Amino acid sequence: KTTVVHIHVINPSFYLFNSFAHRGELRKAKRIVVKLGSAVVTRGDECGLALGRLASVVEQVAMLQNQGREMMIVTSGAVAFGKQRLRHEILLSQSVRQALHSGQNQLKDMSVPVLEARACAAAGQSGLMALYEAMFAQYSTCTAQVLVTNLDFHDDQKRRNLNSTLQELLRMNIVPIINTNDAVVPPPEPNSDLQGVNVISIKDNDSLAARLAVEMKADLLIALSDVEGLYDSPPGTDDAKLIDIFYPGDQLSITYGTKSRVGIGGMEAKVKAALWALQGGTSVVIANGTHPKVTGHVITDIVEGKKVGTFFSEVKPAGPTVEQQTEMARNSGRTLAALHPDQRGEIICHLADLLVEKKEEILAANKMDMDLAVNAALLNRLSLSPAKLNSLAIGLRQIAVASQDSVGRVLRRTRVAHNLELEQITVPIGVLLVIFEARPDCLPQVSALAIASGNALLAKGGKEAANTNRILHELTQEALDIHWVKEAVQLVSTREEVEDLCRLDEMIDLIIPRGSSQLVRNIQSAAKGIPVLGHSEGICHVYIDSEAAIDKVIKIVRDSKCDYPAACNAMETLLVHRDILRTPLFDQIIDMLRTEQVKIHAGPRFASYLTFSPSEVKSLRTEYGDLECCVEVVDTMQEAIDHIHRYGSSHTDVIVTENEDTAERFLQQLDSACVFWNASSRFADGYRFGLGAEVGISTARIHARGPVGLEGLLTTKWVLRGDGHTAADFSEQGTMKYLHENLPVTQPQTSN
């Protein structure tokens, strides 16, 4: 029986090094230990190494090392490497002996004996290290092997020697690769655990990595295994949920499963080692190092603070996690959807009243945000006023009226067969995540639309409007509480990164970004499993036809470009029919733009007509978002359509003409979300369309297009009412026939 040696930490400054409290702080980690479990480095047949995974780990470690961080690796794999090598040698030896004995090479009866792990480790350690050296050499990174046993930690002098050696290697920018000396260590005692705060036994690589991380005062320990992290129940079981952040004291809420297919640690040992390291001042993340889609960046993602695996933290936040918020929103949202339309309308009207009644509190919070604003543009977006709040209240009451026939509306009724009737009805999408930047007026608008459509809402506002958003969210929950659905709208005010929110694909049904084109592109890129409703760019065109009226042209172009040039529905390219060039109308257009201080960029065709032209445009696909625009010349209306299809973003495009036939062809042929005749592009807005408000503008080809109001937040479900019907009744031998009769649509009295 093996005696487990307990190691007492003598260092008196053990508690002086605090771990990071939040994932975002992991970016500051200077000294990092990466622990590679047996399942990470070992092939599925447990004989040989998973070279692809190992190569990706090496690449990430080398990248972080080259950034100036101090990297250490605690690795498994010597046994597997040696097992592969010894099996090959035994088979080769047996085949030679059998061939000499029988005169023929018959291998079918040969069997490989069970190989002792210590012998495998002895045979594999040098090969494993040679492999690491060769891989790291590709990145001009030097490595050094350090084999340790319990005695190296138990004996004070040996422990100091080990510490000194590792410190010197790190000083010389060398990556130490550490492993227990499996060729000489005794087998572990199965039931021995980490005991107490100051005591740890080196019985597996989890405890070794924890002991080493604390001894070396590492900032971060990344423990890679074959599971995503720590679950509240064994992975693979029903309702097992990945724990994002684990706090000391949460152990009693965890049900552990079996250990890994290889190795000797198991999740319980990993958790105990992680908590031991955490108490020693080292932050810990347990994550999956075997998943083919994330292996190549799991380590760097963790160091960048992304939500990967389970993060161990000693600082428990006062409020719920974003996962808990989403769960509360979903549960309360289902109750919201079941309310009578009048009740949802009451909530929205009460919120509208609160915006007016509590305007002094709202404006006081808004002033706090504005006092912290860094520039005039931000001030303009942040600013609220009594007039804006009154307008918001009017818009919300419009939404309340529109909500009366939203959820549960029957779109189609069909008599499939006798006593078998089918209905298609509108239902909420589920949980919406709306991410918006500095505009606090967005919060009550989006909240009202979510309430009207029976959707739960997770709102993530910009930190620039934190104080205003907080008071507006409190008022929203006060309004919701009149029908006991307070939790249906949640404000994400934690340190969650947008990318992390986009990973909640099992909890969020639709993401709606409202903000800059860069924000939308980032979210579209990050949201791997969740649909995104939005537009990444607003490259809007105004086409001036040869039969345009002068007064309408000047008004529409000025309003489209100059009313609010930063808006996504502002004109970015002015297309001019060739016949208008060198006419008084064209001169008036240019003079007006110059008077409004609009910088003009010439398109290639326009530049060719001029001796001295404005700067030629670098790209015809530019969204300026400022007092700038491109001017280009086309020969026909069809050429204008072709230009917009090629360079536009399918947002909003305008024709100015007095020819009705030309206008109708433009309206029909142009494939944009919004197409206008003799009207400013700035009308592309939910409020101006009479939707009360919008959650955003979509240029997608499915679901909703253009300004998305209440209707765009609904989907449908099919309800079939029968009387014991079966599909077999309608077979060739059956007694029933399909009728498929369209029935008149009647609306129910409630939305249940």
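First, a word on what this report is: a plain description of the structure on this page. (Residues numbered from 1 in each chain as written. Predicted model: local features only at pLDDT ≥ 70, side-chain atom pairs only at ≥ 80, totals over all residues. Heavy atoms only, no water.)

A few points about the overall build of the protein chain
So, point 1. Of the regular secondary structure elements, the protein chain holds 23 helices and 26 strands.
So, point 2. Among the 752 residues that make up the protein chain, the fraction classed as buried is 52%.
So, point 3. In the protein chain, the share of contacts with a sequence separation of at least 24, taken over all contacts with a separation of at least 6, comes to 75%.
So, point 4. Total accessible area on the protein chain is roughly 34,300 Å²; 51% of this is exposed by carbon and sulfur atoms. (Helix = DSSP H or I, 4+ residues; strand = E, 2+ residues; numbered from the N terminus. Buried < 20%, exposed > 50% of the residue type's maximum accessible area, 1.4 Å probe, protein only. Contact = heavy atoms within 4.5 Å. Areas by Shrake-Rupley, 256 points an atom, 1.4 Å probe, with all protein chains shown as cover.)

Some points on helix α16 (residues 466-480)
So, point 1. When the terminal C-alpha atoms of α16 are compared, their 21 Å separation across 15 residues agrees well with the 21 Å that a helix rising 1.5 Å per residue should span.
So, point 2. The buried fraction of α16 amounts to 11 of the 15 residues, a majority that puts the element mostly inside the structure.
So, point 3. On its buried side, α16 packs onto α11 (341-357), α12 (359-371), β13 (431-436), α15 (442-452) and β15 (489-491). (Expected span 1.5 Å × (residues − 1).)

Quick word on the side chain of Thr468
So, point 1. Mapped onto the fold, Thr468 is located in helix α16.
So, point 2. Looking at Thr468, the relative accessible area reads 0%, which means it is buried.
So, point 3. Looking at Thr468, its side chain comes within polar contact range of the side chain of Asn366, at 3.3 Å.
So, point 4. Once residues within four sequence positions are removed from consideration, Thr468 is found in contact with Ile362, Ala365, Asn366, Asp369, Leu384 and Pro440. (Polar contact = N/O pair within 3.5 Å; in protein donor to acceptor, adjacent residues only side chain to side chain.)

What to know about the environment of Lys388
So, point 1. Positionally, Lys388 belongs in helix α14 (residues 386-402).
So, point 2. Distance from Lys388 to Leu355, taken between C-alpha atoms, is 10.0 Å for residues 33 residues apart in sequence.
So, point 3. Dropping the residues within four chain positions of it, Lys388 is found in contact with Asn380 and Ser383.

Regarding the sheet that holds strand β11 (residues 410-417)
So, point 1. One open sheet accounts for four strands, arranged β25-β12-β11-β26; its pairing is antiparallel. Where the open sheet ends on each side, the last strands, each with one partner, are β25 (714-721) and β26 (741-743). Each strand of the sheet is rotated relative to its neighbour by a mean of 30 degrees, with strand direction disregarded.
So, point 2. Here β11 pairs with β26 via three bridges, running antiparallel. The residue bridging Thr414 from the neighbouring strand is Asn742, located in β26. (Pairing = 2+ DSSP bridges. Axes fitted to C-alpha atoms, helices over the stretch in contact; angles between N-to-C directions.)

The quantities given are spatial measurements derived from coordinates; they are silent on function.
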